[in-house]
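Survey of secondary and tertiary structure
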Amino acid sequence: MKRIITLALAGIMAAGMLASCGKFTCDGCGEEKTGKKYTKDFLGVKMTICKECNDEFEAGMDALGALADLDF
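Let us look at the structure shown here. Note that residues are indexed from 1 along each chain, following the sequence as it is written. With pLDDT at 70 or above as the cut-off, local features in this predicted model cover only qualifying residues; side-chain atom pairs require 80 or more to be listed or tallied, and sums for whole chains, interfaces and linings still use all residues. The side-chain numbers reported here are obtained from all heavy atoms of the structure, hydrogens and water having been left aside.

A separate point is the overall build of the protein chain. For the purposes of this entry, the term helix denotes a DSSP run of H or I that reaches at least four residues, the term strand denotes a run of E that reaches at least two, and both are numbered from the N terminus. Scanning the protein chain from terminus to terminus reveals two helices and four strands. Reading the protein chain from its N end, one meets helices and strands in the order α-β-β-β-β-α. Here the protein chain, with 72 residues, has 12% of them falling under the buried criterion. Look at the contacts in the protein chain between residues 6 or more apart in sequence, and 13% of them connect residues 24 or more apart. Calculation of accessible area relied on Shrake-Rupley with a 1.4 Å probe; when residues are assessed, cover is drawn exclusively from the protein chains displayed. Just so you have it, the protein chain exposes about 6,000 Å², and 63% of that area is on carbon and sulfur atoms. Using a 1.4 Å probe on the protein chains alone, a residue whose accessible area is under 20% of its type maximum counts as buried, one over 50% counts as exposed, and one in between counts as partly exposed. Throughout, a contact is declared for two residues whenever any of their heavy atoms are within 4.5 Å.

Below, the structure written as structure tokens:
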């Protein structure tokens, strides 16, 4: 019985350590996030950003690209 409890506690501790290793601070919004982090190089500055900030960044870059395609 002690062995089962020990193995269960070890499993819970291992799962907790794995869950916390994916944390990072987003350079865009400043919040601590988990999950996939995106690395962007903008004007020579490397940024690590979250998915939400990456989506906003991509939308902004698309808008700039659309402006560059306009004929004046």
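What follows deals with the packing of aromatic side chains. Any two of the Phe, Tyr and Trp rings considered here, Trp counted by its six-membered ring, make a pair once their centres fall within 6.5 Å; the pair's planes then place it as stacked at under 30 degrees, edge-to-face at over 60, or tilted in between. For the coordinates displayed, the defined rule picks out one aromatic pair. Here the aromatic rings of Phe 42 and Phe 57 are separated by 5.7 Å at their centres, their planes lie at 85°, and the arrangement is edge-to-face. With a gap of 15 residues between them, Phe 42 in strand E3 (residues 38-42) and Phe 57 in helix H2 (residues 51-68) connect regions that are remote in the sequence.

The next subject is the pattern of salt bridges. For salt bridges, the criterion is a side-chain nitrogen of Lys or Arg within 4 Å of an Asp or Glu carboxyl oxygen. Considering all chains together, one arrives at five salt bridges under this definition. Between Glu 31 and Lys 33 there is a salt bridge, and its shortest N-O distance comes to 3.5 Å. On the basis of relative accessible area, Lys 33 is assigned to the buried category, the value being 18%. The closest approach of N and O atoms between Lys 40 and Glu 58, which form a salt bridge, is 2.6 Å. One end of the pair, Lys 40, is in strand E3; the other, Glu 58, is in helix H2, and 18 residues separate them in sequence. Taking relative accessible area as the criterion, Lys 40 reaches 17% and is therefore assigned buried. Glu 58 gets classed as partly exposed once you look at its relative accessible area, which sits at 31%. Taken together, the shared-partner salt bridges connect Glu 31, Lys 33 and Glu 52 into one network.

Here the focus is unusual backbone geometry. Positioned with a positive phi, Leu 43 is a non-glycine residue whose angle comes to about 55°. With respect to the helices and strands, the residue Leu 43 is situated in the loop between E3 and strand E4 (45-49). According to the relative accessible area criterion, Leu 43 is exposed, its value standing at 75%.

By themselves, these figures tell us nothing about what the structure is for.
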